[in-house]
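Understanding the architecture of this molecule
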Amino acid sequence: MTDGNNANRTAVALGNFDGMHVGHMAVLEAAKSFESEGLLPVAVLFDEHSLKAITGKAPAMLMTVTERNRIINENGLGIETLVFNEIRDLSPSDFVEKILVGRLGAAAVCCGYNYRFGKGALGTAQTMSEICGRLGLQCRVSGEVDVDRCAVSSTKIRAFIENGEIEKANKMLGRPFGFSSRVIDGDKRGRVLGFPTINQIIPEELAMPRFGVYQSVVTVKGEKFKGVTNVGKRPTVGTEKILSETHILDFDRDIYGENVDVRLIKFIRPEKKFSSFDELARQIKSDAKEVR
């Protein structure tokens, strides 16, 4: 039922949303549920990660900002971006009254059980409930979300990615970790070895996966293919540049300069230096067979 008084009022979803993992999605879904009451669901984001503003260093992202925003929009929420430095010194009450209600028209507020806000991060989810109660706002706090009896958090997912435990990371994310980036010119060595590859630079803000070889899913112009992706410095070739290099199975098109999406599915083996390119070619053949 739509309340006539709710025209242009919002249900705000609060969080860092740095990975859009299953815990973040629960908060978005809570805000979305208020649509039935005539409220407009909106995710509130900051122009930079709160830790970067405070300490000068942001934790590695689990996805790019572009991908995060796309997922929020695809789930039916609008986006409001706040400048963190403009609100960092507001008390918890002022943040809710002046920003959420005054600026964003909030009639409902949704956050996670471990949400912190206000100057010095003094406000907790409990504080939020109390302030909302006082102001007559609806408040919904999403509880802990567990995967395999383990509480989901961006910190844990980051550690899984860095340790090569990509299947655990993907379970907590609710989708495969990966990236989209332009295919750049390589040394064409893969073609000579009989395994043409595409080279890509991993977006610098992303968590860096453990160096090694992964089973991957590659999307080229909406079409999905199986892939074998090497993340690292390719010690046999002898380079210091960190690259993602992917051999796409059953694929033989020139896609230099195109944006290609690569998702890591399973860690196959660590990166290693081979004594010859012939040995490397045999290993790539074996990796491709395992992926197939």
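Attention in this report is confined to the structure presented alongside it. (Residues numbered from 1 in each chain as written. Predicted model: local features only at pLDDT ≥ 70, side-chain atom pairs only at ≥ 80, totals over all residues. Heavy atoms only, no water.)

On the basis of which strands lie adjacent, the open sheet formed by five strands has the order β3-β2-β1-β4-β5 and parallel pairing. Among the strands making up the open sheet, the edge pair consists of β3 (78-82) and β5 (138-142). For this sheet the average axis-to-axis angle between neighbouring strands, irrespective of direction, equals 25 degrees. For strand β1 (residues 10-14) and strand β2 (residues 40-46), the ladder comprises five bridges, and the chain directions are parallel. Note that in β2 the partner of Ala13 across the bridge is Ala43. Sheet contacts for helix α6 (residues 125-135): β1, β4 (106-112) and β5; angle to β5, the most-contacted strand, approximately 165 degrees. (Pairing = 2+ DSSP bridges. Helix = DSSP H or I, 4+ residues; strand = E, 2+ residues; numbered from the N terminus. Axes fitted to C-alpha atoms, helices over the stretch in contact; angles between N-to-C directions. Contact = heavy atoms within 4.5 Å.)

A separate point is unusual backbone geometry. Of all residues except glycine, most have a negative phi; of all peptide bonds, most are trans. The phi dihedral of Phe17 falls on the positive side, at around 45 degrees, and the residue is not glycine. The topology assignment puts Phe17 in the loop between β1 and α1 (22-32). A positive phi angle, near 50 degrees, is found at Met20, a position not held by glycine. Summarising the element assignment, Met20 is placed in the loop between β1 and α1. Assessed through its relative accessible area of 0%, Met20 is described here as buried. (Buried < 20%, exposed > 50% of the residue type's maximum accessible area, 1.4 Å probe, protein only.)

As a further point, take the side chain of Asp261. Positionally, Asp261 belongs in strand β13 (residues 259-270). At 2.8 Å, the side chain of Asp261 forms a polar contact with the side chain of Arg263. When residues no more than four places from it in sequence are discounted, the contact partners of Asp261 are Phe179, Ser180, Val217, Val218 and Thr219. (Polar contact = N/O pair within 3.5 Å; in protein donor to acceptor, adjacent residues only side chain to side chain.)

Ordered in space as β8-β9-β12-β11-β10-β13, the six strands form a closed barrel in which the pairing is antiparallel. Neighbouring strand axes in the sheet, compared pairwise and without regard to direction, differ in orientation by 45 degrees on average. As paired elements, strand β10 (residues 212-220) and β13 share eight bridges and run antiparallel to each other. Paired with Tyr214 across the strands is Phe267, a residue of β13. Packed onto the sheet, helix α8 (residues 166-173) meets β10 and β13 and runs at close to 135 degrees relative to β13.

Along the chain, the position of His247 falls in strand β12 (residues 243-248). From its side chain, His247 meets the backbone oxygen of Pro196 in a polar contact 2.9 Å long. If near-sequence neighbours (up to four positions away) are discounted, His247 is found in contact with Phe195, Pro196, Thr197, Lys226, Gly227, Val228 and Ala288.

Across the interface, helix α5 (residues 92-103) lies against α6 with an axial gap of 10 Å and an inter-helix angle of 55 degrees. Compared by their axis directions, α5 and α6 come out oblique. Our pair here, α5 against α6, has a crossing hand that is right-handed. Here Pro92, Ser93, Val96, Glu97 and Leu100 of α5 come into contact with α6, specifically with Thr127, Met128, Ile131, Arg134 and Leu135. Residues that form the contact of α5 with α6 fall into these classes: six nonpolar, two polar and two charged. (Parallel < 35°, antiparallel > 145°, perpendicular 65-115°, else oblique. Left-handed = near helix turned anticlockwise from the far one by under 90°. Nonpolar A, V, L, I, M, F, W, Y, C, P; charged D, E, K, R; others polar.)

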